[in-house]
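Chain by chain, the residues run as shown.
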Amino acid sequence: MRYLILLLVLVASVARADDAKPFNPSDYPPAVQKALHYANEECSGQDGGAVTFAPDTVRKVDLTGDGREDYIVDFRDTKCGDRETNYCGTGGCVMTILVTLPDGSVRQVFDGYVRSYKILAPPMKRAAARTIRFDLHGSYCGGFGAQACVKERAITATPFAFKQP
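Residues numbered from 1 in each chain as written. Predicted model: local features only at pLDDT ≥ 70, side-chain atom pairs only at ≥ 80, totals over all residues. Heavy atoms only, no water.

Right, let's talk about the overall build of the protein chain for a bit. Each helix and strand in the protein chain was counted, giving two helices and 10 strands. Overall, the protein chain shows an N-to-C arrangement of helices and strands of α-α-β-β-β-β-β-β-β-β-β-β. Taken over 165 residues, the protein chain has a buried fraction of 35%. Sequence-distant contacts, at least 24 apart, represent 48% of the contacts inside the protein chain between residues at least 6 apart. Put simply, the protein chain shows about 10100 Å² of open surface, and 54% of that area lies on carbon and sulfur atoms. (Helix = DSSP H or I, 4+ residues; strand = E, 2+ residues; numbered from the N terminus. Buried < 20%, exposed > 50% of the residue type's maximum accessible area, 1.4 Å probe, protein only. Contact = heavy atoms within 4.5 Å. Areas by Shrake-Rupley, 256 points an atom, 1.4 Å probe, with all protein chains shown as cover.)

Attention shifts here to the side chain of Thr-57. Topologically, Thr-57 is positioned in the loop between strand E1 (51-52) and strand E2 (58-61). Here the side chain of Thr-57 touches Ala-54 through a polar contact of 2.8 Å, landing on its backbone oxygen. Look past the residues within four positions of Thr-57 in its chain and what remains in contact with it is Phe-23, Leu-36, Ile-72, Val-73, Asp-74 and Thr-78. (Polar contact = N/O pair within 3.5 Å; in protein donor to acceptor, adjacent residues only side chain to side chain.)

Attention shifts here to the environment of Ile-155. Mapped onto the fold, Ile-155 is located in the segment after strand E10 (150-154). Residue classification places Ile-155 among the buried positions, given a relative accessible area of 0%. Note: C-alpha distance between Ile-155 and Arg-130 (25 residues apart in sequence) is 5.9 Å.

Along its 16 residues, helix H2 (residues 30-45) runs 22 Å from first to last C-alpha, staying within 8% of the 22 Å computed at 1.5 Å per residue. Where H2 is concerned, the buried positions are Val-32, Ala-35, Leu-36, Ala-39 and Cys-43. Looking at the packing, one finds that the buried side of H2 touches E1, E2, strand E3 (70-74), strand E4 (79-80) and strand E6 (92-100). In the segment just after H2, Asp-47 is the residue with positive phi, at about 50°. (Expected span 1.5 Å × (residues − 1).)

The next subject is the packing of aromatic side chains. Two measures describe an aromatic ring pair: the distance that separates the ring centres and the angle between the ring planes. On inspection of all chains with the given rule, the structure shows 12 aromatic pairs. With 5.1 Å between their ring centres and 20° between their planes, Phe-110 and Phe-160 make a pair best called stacked. Here Phe-160 lies in the segment after E10 and Phe-110 lies in strand E7 (residues 106-114), a separation of 50 residues in the sequence. A residue is classified by how much of its surface remains accessible, and Phe-110, at 3% relative accessible area, is buried. Here Phe-160 falls in the buried class, since its relative accessible area comes to 9%. A ring pair is formed by Phe-110 and Phe-162, whose centres lie 5.6 Å apart and whose planes are at 65°; its orientation type is edge-to-face. Of this pair, Phe-110 sits in strand E7 while Phe-162 sits in the segment after E10, and the two are 52 residues apart along the sequence. (Phe/Tyr/Trp six-rings, centres within 6.5 Å; stacked < 30°, edge-to-face > 60°.)

Take a look at the structure:
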């Protein structure tokens, strides 16, 4: 009986995986589509062929605490033809953060190279901005490439960038 239940769960999981919707840039607002278009421009500029986006290239999450979906576009697993590292380098991979404004428009607030990131736990205060911990190239902390450089930033509608000292 246990094996039958396990088999049914396995079959249901495989069926759900087959129903997974392929990544479609047109599922997102124009500002997000514009950020995704960067990948096409970069790839065609290097005669790389077709761009393949990973299913999780765009992440929807309320970062500003206003109840609206914001977007993180992460090119970490995006491919340009057969090349997997077109959008990454020693400084990390291209990442764009876009926030939804009260009027429904979407604004880019960050665009840069990030090695990794982590959205920290929501603050206890309601409607407060979420903080992201960024792992950056060591030069952003006055060091060199391999050195650790961690910066945190609360995400609001105000654009920001990391500067090298």
